[in-house]
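Chain and residue survey
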Amino acid sequence: MGSEKYPAENDFDAFLKKHGGSDNASTDCERTIFQFDVHKKYFREALDRWAQFFICPLMIEDAVDREVEAVDSEYQLARPSDSHRKEMLFGSLAKPGHPMGKFCWGNAQTLKHEPREKLINTYERLRDFWRRYYSAHYMTLAVQSRESLDTLEEWVRDIFIKIPNNGEPTPNFSHLQHPFDTPAFHKLYRVVPVRKVHALTISWAVPPQGKNYRVKPLHYISWLIGHEGAGSILSLLRKKCWALALFGGNSETGFDQNSTYSIFSVSITLTDQGYQNFYQVVHLVFQYLKMLQTQGPQQRIYEEIQKIEDNEFHYQEQTDPIEFVENICENMQLFPKQDFLTGDQLMFHYDPQVIETALSLLMPLRANLLLLSPENEGHCPLREKWFGTSYNYENIPEEWAQRWESDVKLNPDLHLPAENLFIATDFNLKTSDSPDTDFPVRILNLRQGALWYKKDNKFKIPKAYIRFHLISPIIQETPDNLVLFDLFINILAHNLAELAYEADVAQLEYKLMAGEHGLMIRLKGFNHKLPLLLKLIVDQLMDFSTEPSVFNMFMEQLKKTYFNILIKHDRLGRDVQLLILEPHRWSVIQKYRALTEGLSIQQLTAFVAALKSELYAEGLVQGNFTSAESREFLQYFTKKLQFQPLAAEVPVQFRVVELPQKQHLCRVKSLNKGDPNSEVTVYYQSGLRKLREHALMELMVMHMEEPCFDFLRTKETLGYQVYPACRNTSGVLGFSVTVETQATKYSSEFVEQKIEEFLVTFGERLSSVSEETFRTQVTALIKLKECEDAHLGEEVDRNWFEVVTQQYVFDRLNREIEVLKVFTQEELISWFLEHRGSSSRKLSVHVVGFGVEENDLPDQNPCDSACSAYGQVSKLTFLPGLAPALQDATLITNIRAFTLSLPLHPYHKIIS
């Protein structure tokens, strides 16, 4: 927010946005990372502007005051998150005075109100903090550009030499080890979550493991604990219908691993039955650990993991440059120079002693047990100070404590994994059997489906991507069918989980997704064994069946999933917007209702049979396969599943309403009674447009990004999340501005007025932009579109979008670049004014949180106590519009009634 050399408050952001760049920063327990990227031509100048923040930042008092509001808003957005709440509760169990017990978020209370009461000058403290810790000898720097290394080194020396070095000793926390070695830690904590979920986390705090990075003992143990194949913990829990997912290990965040301790945790998503038997679940985990301790470290398994990770490292695709430099920069803080590139990824050598020592620390009575469940509501009188989490704690029952203190008996159903047959051994690049092309070509066009293909000759790695879209008309017929489709995909994934897990760990990734109009199957990884995985999935699809116990387990789980979507203000806002714009869409609320009214296993069987009987299968294969091999994939689908072609073509999108030329307002109350967060989205519909207008819309939003952030977040401090967006709703264009705010600070109507105020000033600003600034922005957008793909996945994603939407404009970027080159400033201004004038088609959607600014009485907001009252989510509560400025808007209080009277745009694709 300004430096002595470049004092303008938003100067750096404005410079980056103007030249196609971005910036961000993140704080962790012991490290803070700042990062930016920009077009190569402006890199040196951007480096100079950036370095000034570390040399001579202004940190003006007024700017600091306003930034406190952004920090507070970020904290408010985090409050309904179970993972953050769990973390804060966990930290509170540390020994008194240990830094892990600190409030690591910050809010208005701790940064503004309390300091004022105690006559503490936050501003002076901040400057002291900067002088003490922003010293060159604590810092590491990574830069990447296509300049020569000599040039980059010269720039870095010239620009960063002035960063002060106070020469003070580096802060050291090593005397503060064993923060959780307390009786309070080794207990069972029952917690009331915000979401509907039963989750069990078993955690150990062990000495810091950073020094063992060459062996990575926790990684080895987590590989086995988290295994999902035969003989694993999860395999056994799934058979009993007690658990849906299990994750084990250390996340390597600052919270999980720092200089005072490392965490090893096992997190299990339980079913209702699993929750009833959670001590048995804990016992199974301890039995597995006992088996690992008894058998000791296994060189065969260690070398298998090592081989998989070596393969992945050797043939890794380039990551996004900004992620790459961020990763290297952090690695420079953690590892010696020779391991900057590899220290976080590779297992260097097998040391059974180091693994054995780590294993010996994972003893039952040294563990902390955390049990999250809605069932805990009403039994948890304690409150965590900062997030208001309701919890209680108790000693481990004597019966279990005795079983674990004595020798835990081994379980014959638990054993080590067998040798992995999915590990690739053939890394040869295939000789092409068809002409090279810049874009995918349709190599099969049958009545039952089509296949698009492109051989990779650019990245030259032994990997490939296979994607299929199995389109069916029955999915969107009723809310029941949509729910049955979700159930089918969940159960299919469950049936596959154990069989395909070896492929998963051998870096062959697969994902089954419920698309709006079809089943999406996505695979990627080393091409050598990828066809085996595809065949496994198709075979499971062909032989699909389920047990009543599994069906009931997923019925219950899906209810929780829909509930958890609906209590999020941003997800509810999206659902309401799309319901208004696409009247033939079914809402998540309707799906939730269909599920609670009950569905049977017979309905599922009938639905799956109907789904598989008539399909259109469209696929894309890219990477290291020949066209002959690729054809076999579609042929395998048609041969195995024996489906009939569709009687009529299924549109892969919805029809969209044409909004009348006026303002429309829909205000709904948040479905989480404990959540103060509101979301306000103002959307302007443009209509059926071509490629040219899409590019124009993108250019306008790019112009809007920085002033939008500056006005609504930096100056008006309305919220942490503030952004404009280019909207393509089933081929109908528009643009929107979204602000996430808190009902404890602002009403949603006030926020909407501020968005309108911003749009007025933006229109004025656009009219006064110089020709040179306009051209610079156009060039920046062109450069972004010209930017080469960092890896094959980026190219595949772009091509897949064209296949799924059945538009097939694979050279879309080139066409958009051509139209951008001939735009004039007048066109941009008139385009913006056309959408904002008297003929504008405007839709505002407010999801209104709970707080005093929305006329909720303080005792109506239970957020300081149980932050989710598990209220009804089966219907929306529509609110009136009260602000005088919104009196002219058509108020929507019945979405179906409103959309019934509106004309629908024809199906439209942006292809010319």
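Check the entry above for the structure.
Because the structure is a prediction, the values reported are computed rather than measured.

A separate point is the overall build of the protein chain. When its secondary structure is counted, the protein chain shows 29 helices and 22 strands. Taking 2.2 N^0.38 as the reference for a compact globule, 912 residues should give roughly 29 Å; the C-alpha atoms of the protein chain span a radius of gyration of 29 Å, in line with that estimate. Based on the C-alpha atoms only, the size of the protein chain along its principal axes is roughly 80 × 75 × 65 Å. Within the span of the protein chain, comprising 912 residues, buried residues form 56% of the whole. Taking the contacts inside the protein chain whose residues are at least 6 apart along the sequence as the reference set, 84% of them involve residues at least 24 apart. Working note: accessible area of the protein chain is about 39,300 Å², and carbon and sulfur atoms make up 51% of it.

With that settled, the discussion passes to the sheet that holds strand 13 (residues 509-514). Within the open sheet, the 6 strands sit side by side as 10-11-15-12-14-13. Their pairing is mixed. Of all strands in the sheet, those bounded by a partner on one side alone are strand 10 (441-446) and strand 13. For this sheet, the mean inter-axis angle between neighbouring strands, taken without regard to orientation, is 10°. Bridge count for strand 13 against strand 14 (residues 518-526) is 6 bridges, and the pairing is antiparallel. Note that in strand 14 the partner of Y510 across the bridge is L523. Docked against the sheet, helix 16 (residues 479-505) engages strand 13 and strand 14, running at close to 175° with respect to strand 13. Relative to strand 15 (residues 616-623), helix 26 (residues 792-804) is tilted by about 160°, and along the sheet it contacts strand 11 (449-455), strand 12 (463-471), strand 14 and strand 15.

Let us now look at the nonpolar core. Within the largest apolar cluster, 157 residues are counted, with the highest numbers of intra-cluster contacts made by I202, W204, I268 and F488. Examining the composition of this core, we find that 14 residues originate from one element, helix 16, more than from any other. Within the second largest apolar cluster, 43 residues are counted, among which are L696, M704, V769 and I782.

Within the open sheet, the 7 strands sit side by side as 5-6-4-7-3-9-8. Their pairing is mixed. Looking at strand neighbours, the two that pair on one side only are strand 5 (243-249) and strand 8 (382-383), the edges of this open sheet. Bridging between strand 8 and strand 9 (residues 390-394) involves 2 bridges; their strand directions are antiparallel. Bridge pairing in strand 9 places L382 opposite Y391. Across the sheet, helix 8 (residues 217-225) lies against strand 5 and strand 6 (262-270), angled at about 10° from strand 6, the strand it touches most. Sheet strands touched by helix 18 (residues 548-566): strand 4 (198-206), strand 5 and strand 6. Its angle to strand 5, the strand with the most contacts, is close to 70°.

The subject of this paragraph is the packing of helix 23 (residues 691-715) against helix 27 (residues 812-821). Their axes nearest at 9 Å, the elements helix 23 and helix 27 cross at an angle of 75°. One element, helix 23, and the other, helix 27, form an angle in the roughly perpendicular class. Across the interface between the two elements, L691, R692, H694, A695, E698 and L699 of helix 23 pack against R812, R815, E816, V819 and L820 of helix 27. Here the contact of helix 23 with helix 27 is composed, by residue class, of 5 nonpolar, 1 polar and 5 charged.

Okay, the packing of helix 16 against helix 20 (residues 588-597) next. The geometry of helix 16 relative to helix 20 is characterised by a closest axis approach of 9 Å and an angle of 80° between their N-to-C directions. The angle between helix 16 and helix 20 places the two elements in the roughly perpendicular class. In this structure, helix 16 contributes P479, D480, L482, V483 and D486 to the contact, and helix 20 contributes Q590, K591, A594 and L595. Of the residues that constitute the contact of helix 16 with helix 20, the class distribution is 5 nonpolar, 1 polar and 3 charged.

With 16 residues, helix 12 (residues 299-314) extends 22 Å from end C-alpha to end C-alpha; this agrees with the ideal 22 Å at 1.5 Å per step. On the buried face of helix 12, the contacting elements are helix 8, helix 14 (352-360), helix 16 and strand 14.

What follows concerns the side chain of R689. If you trace the backbone, R689 turns up in the loop between strand 17 (677-688) and helix 23. Taking relative accessible area as the criterion, R689 reaches 19% and is therefore assigned buried. Within polar-contact distance, the side chain of R689 engages the side chain of E834 at 3.0 Å. Those residues in contact with R689 that sit more than four places away from it in its chain are L733, W831, E834, H908 and I910.

What follows covers the pairing of strand 15. When you tally the buried positions in strand 15, you get 8 out of 8 residues, the bulk of the element. Sheet topology note: the strand 11/strand 15 ladder contains 7 bridges and is parallel. Paired with Y453 across the strands is V621, a residue of strand 15. The pairing of strand 12 with strand 15 spans 8 bridges and is classified as antiparallel. The partner of I466 across the bridge, within strand 15, is V621.

Attention shifts here to unusual backbone geometry. Positive phi is not limited to glycine here, since K216 has a value of about 55°. Structurally, the position occupied by K216 is in the loop between strand 4 and helix 8. At Q507, a residue that is not glycine, the phi angle is positive and equals roughly 70°. Turning to its location among the elements, Q507 is positioned in the loop between helix 16 and strand 13.

On to helix 7 (residues 149-160). Helix length check: helix 7 (12 residues) gives 16 Å between terminal C-alpha atoms against 16 Å at 1.5 Å per residue, within 8%. In this structure, the buried residues of helix 7 make contact with helix 2 (43-55).

As a further point, take the pairing of strand 12. For strand 12, a buried count of 9 out of 9 residues is recorded, marking the element as mostly surrounded by other parts of the structure. Of the two faces of strand 12, the one carrying K463, Y465, R467, H469 and I471 and the one carrying A464, I466, F468 and L470 are both buried. Summarising the sheet, strand 12 and strand 14 pair through 9 bridges and their orientation is antiparallel. In the sheet register, L470 faces strand 14, and the bridge partner there is L519.

Glancing now at the side chain of N624. Summarising the element assignment, N624 is placed in the loop between strand 15 and helix 22 (627-641). Within the local environment of N624, its side chain forms a polar contact with the backbone oxygen of N428, the two atoms lying 3.0 Å apart.

What counts, and at which threshold
- Residues numbered from 1 in each chain as written.
- Predicted model: local features only at pLDDT ≥ 70, side-chain atom pairs only at ≥ 80, totals over all residues.
- Heavy atoms only, no water.
- Helix = DSSP H or I, 4+ residues; strand = E, 2+ residues; numbered from the N terminus.
- Rg over C-alpha atoms; globule rule 2.2 N^0.38 Å.
- Buried < 20%, exposed > 50% of the residue type's maximum accessible area, 1.4 Å probe, protein only.
- Contact = heavy atoms within 4.5 Å.
- Areas by Shrake-Rupley, 256 points an atom, 1.4 Å probe, with all protein chains shown as cover.
- Pairing = 2+ DSSP bridges.
- Axes fitted to C-alpha atoms, helices over the stretch in contact; angles between N-to-C directions.
- Core = buried A, V, L, I, M, F, W, Y, C linked by side-chain atoms within 4.5 Å.
- Parallel < 35°, antiparallel > 145°, perpendicular 65-115°, else oblique.
- Nonpolar A, V, L, I, M, F, W, Y, C, P; charged D, E, K, R; others polar.
- Expected span 1.5 Å × (residues − 1).
- Polar contact = N/O pair within 3.5 Å; in protein donor to acceptor, adjacent residues only side chain to side chain.

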